[in-house]
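Each chain, letter by letter, is given below.
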Amino acid sequence: MSQDKKKKFKFPSAYTVLLAIMISIAIITQVVPGVKKAQLSDLVMAPVTGMIGVKDLELDQAISISMEEGGIESALQTINDAEGSYMSVWNQGQLKGAIDVALFVLIIGGFLGVVTKTGALDAGVGALVKKLKGKELMLIPVLMLLFSLGGTSYGMAEESLAFYALITATMMAAGFDPLVGAATLLLGCGVGVLGSTVNPFAIGAAVSAAGAVGVTINQGSTIAIGAVLWIVTLAIAIMYVMRYAKKVYANKNATLLSKHELDAAHDAFSNDSEEILELDGRRKFVLVLFTLSFIVMIASVIPWGDFGVTIFDNTTAWFNGSPLGAWWFPELTVWFFLMSVLIGFVYRMPEDDIVGSFIGGCADMVGVALVVGISRGVSFMMANSGLDLYILDKASGVLSGVSGMLFANMAYLIYIALSFLIPSTSGLASVSMPIFAPLAQKLNIAPEVIVSAFSAGSGIVNLVTPTSGVVMGGLAIAKIDYSTWIKFVTKLLVMIFIATVAILAIAPMILGI
């Protein structure tokens, strides 16, 4: 058989992977005892539910009461007895679908479309690369440190999607490949979240959930363990990415990316024009506004009140009704839309150019927005069936027979498994901590250990799980196939896993907890 006729296996797209996971979950619910069997309608509607699903607040309260009074078995019975679904497009209650994230991604695309049209990004990136000539590699540790600070402090995740196009284009212009750009951002934010110190969506949610069942957590101890996890895993990730980047910089054939991926990234991020764009006064002003847009974004989502900062409460709500620190995707979407218009006016673009470049930028992000919604649909399918609670119940049974040094690492392994089912850190904390924290206390093991194991377990999984809209969305923006990311990150995950096991075993003894 000739070489041309041989068919080489091609890993399926993100959409196919996610839909296959949905089908698998639907099948699993048919054979697992106690969970609510998924109907055909649940499977058919899952992608749409992931986008615009609404939580039934009455059912949510009933499940919580059942958990408190009769444990997980009682909660599963409540889910089975309910007429409707916990998450559904037909519910009356609280919107939990990913439509806000998806719309944010679209508007970010429009924003980048307008900025790109001005030529400011190409001129700015060109000037930066020229200035760093011979020192391009230093971009990696600096950027990864900055993004990891966002991860460890406030759980920077979905909002990082706004940076993928810029970082990927910058790394390509510096002589690296798109994988270096995606890894710098995804691993930078990711190891920060893994080593959360004061992250309210991980540590804060876990402490609150444990406190609700009467377990007090010493936050000084969790901050100390989190800081060690953060620094060690960040160092490992930086060295790993820099090692790969050096190889690609020296030899373009060393890239892990296929020709298809490289061509797609080249079309999306490379400037083929022979014209060297000048970084003139107007483009410099555009870059100032561009930078300001992201500074405001970061400042607006940090929960200042949790850190005792109240200065923004009564001074910044005039703009959109929410003070800095209380913004989320609806407010951020409006902010980037307005900045798109402002940048267009500042650069004196005609109205049709502003609209055309904005719509074109949105169009580039449609695929990413769909991936984000479908990913959320996977989580909703598990919540509707109670499959996540069933696995949580079995996991707690395993832990109840473990004591001493093994407890932390057994909990870590269990949280790795659970995080594939529940990629949301705050969601995982709220359902697991009321079970695991009292169990740790009952076995005379410091509950701070379980909080650190939770943070580390969910953190490492969210570097790779296909059920995360951040992973799949970020890779889609950078034009990287999921299979390529798995190939790149596998060795790093093993190193991080080994380091985390050692830290979780040793840290409690050093801290005396």
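Just so we're clear, the structure is a prediction, and the values are computed from it rather than from any experiment.

Engineer: Mind showing me how you'd approach the overall build of the chain here?
Structural biologist: Within the chain one finds 21 helices and three strands. Whereas a compact globule of 513 residues would reach a radius of gyration of roughly 24 Å, the chain reaches 23 Å, a difference of no more than 12%. Taking the principal axes of the C-alpha coordinates as reference, the chain spans close to 70 × 70 × 50 Å. Across the 513 residues of the chain, 53% fall into the buried class. A separation threshold of at least 6 residues defines the contact pool for the chain, and within that pool the share at least 24 residues apart is 83%. Distance between charge centres in the chain, computed from 29 positive and 35 negative side chains, equals 13 Å.

Engineer: Got a minute to help me understand unusual backbone geometry in this structure?
Structural biologist: Most peptide bonds take the trans configuration, and most residues that are not glycine carry a negative phi. Its identity is not glycine, yet R348 carries a phi of approximately 60°, on the positive side. With respect to the helices and strands, R348 occurs in the loop between α13 (329–346) and α14 (351–364). Judged by its relative accessible area of 67%, R348 falls in the exposed class. Despite not being glycine, N444 shows a phi value in the positive range, around 60°. Residue position: N444 is located in the loop between α18 (425–442) and α19 (447–461). What makes N444 exposed here is its relative accessible area of 75%.

Engineer: Looking at this structure, I do not really get the side chain of E136. What am I missing?
Structural biologist: Structurally, E136 can be placed in the loop between α5 (120–131) and α6 (139–154). Comment: no salt bridge for buried E136; closest opposite-charge side chain is K133, at 4.4 Å. Beyond its immediate sequence surroundings of up to four residues, E136 is in contact with V129, A174, F176 and Y249.

Engineer: Can you walk me through the sheet that holds strand β2 (residues 87–88) in this structure?
Structural biologist: With antiparallel pairing, three strands are arranged side by side in an open sheet as β2-β1-β3. Two strands close off the open sheet at either side, each with one partner strand: β2 and β3 (93–95). As paired elements, strand β1 (residues 54–56) and β3 share three bridges and run antiparallel to each other. Pairing of K55 across the sheet is with Q94, part of β3.

Engineer: Just to check I follow, could you spell out the packing of aromatic side chains for this structure?
Structural biologist: Aromatic ring pairs are defined here through the distance separating the ring centres and the angle between the ring planes. All told, the structure shown has 24 aromatic pairs when counted by the stated rule. Connected via pairs of aromatic rings, a cluster forms that spans F104, F111, F147, F163, F201, F290, F294, W328, F329 and F336. Cation over ring: K252 sits above Y249, and NZ or CZ is 5.6 Å from the ring centre.

Engineer: What is the right way to look at the side chain of T152 in this model?
Structural biologist: By the element assignment, T152 lies in helix α6. T152 sits in the buried class, given a relative accessible area of 4%. Aside from chain neighbours lying at most four places away, what touches T152 is G192, V193, G195, S196, T197, V198, N199 and W230.

Engineer: I keep staring at helix α7 (residues 164–173) and nothing clicks. Help me out?
Structural biologist: Because the α-helix completes a turn every 3.6 residues, residues three or four places apart line up on one side. Counted residue by residue, α7 has nine buried out of 10 residues, so it is predominantly covered. Y164, A165, L166, I167, T168, A169, T170, M171 and M172 are the residues of α7 that are buried. Following α7 by one or two positions, G175 adopts a phi angle in the positive range, close to 105°.

Engineer: Looking at this structure, I do not really get helix α11 (residues 259–269). What am I missing?
Structural biologist: For α11, the full list of buried residues reads E261, A265 and F269. Angularly, the buried residues of α11 cover 40° about the axis, an arc narrow enough to put them on a single face. Turned more than 90 degrees away from the buried face of α11 sit K259, H260 and D267, all of them exposed.

Calculation criteria
Every chain is numbered on its own, with residues counted from 1 as its sequence reads. Only residues with pLDDT of at least 70 are given local features in this predicted model, and only at 80 or more are side-chain atom pairs given and counted; all residues enter the totals for whole chains, interfaces and linings. Values reported for side chains reflect all heavy atoms of the structure, with hydrogen atoms and water molecules removed beforehand. Runs of H or I in DSSP of at least four residues are treated as helices and runs of E of at least two as strands, each being numbered from the N terminus. Here the globule rule reads 2.2 Å times residues to the power 0.38, and the radius of gyration is calculated from C-alpha atoms. Classification of residues uses two cut-offs on accessible area relative to the type maximum, computed with a 1.4 Å probe and protein chains only: under 20% is buried, over 50% is exposed, and between them is partly exposed. Residues are treated as being in contact if the distance between any of their heavy atoms lies within 4.5 Å. Under the convention used here, Asp and Glu are negative, Lys and Arg are positive, and both His and the chain ends fall outside the count. A single reference atom marks each charge: NZ on Lys, CZ on Arg, CG on Asp, CD on Glu. Any Lys or Arg side-chain nitrogen located within 4 Å of an Asp or Glu carboxyl oxygen qualifies as a salt bridge. Pairing between strands requires that DSSP locate at least two bridges from one strand to the other. Any two of the Phe, Tyr and Trp rings considered here, Trp counted by its six-membered ring, make a pair once their centres fall within 6.5 Å; the pair's planes then place it as stacked at under 30 degrees, edge-to-face at over 60, or tilted in between. The rule for a charge over a ring is simple: NZ of Lys or CZ of Arg within 6 Å of the ring centre, and within 35 degrees of the ring normal. Working definition: the arc comes from the directions between the helix axis and the C-beta atoms, pointing outward to the latter.

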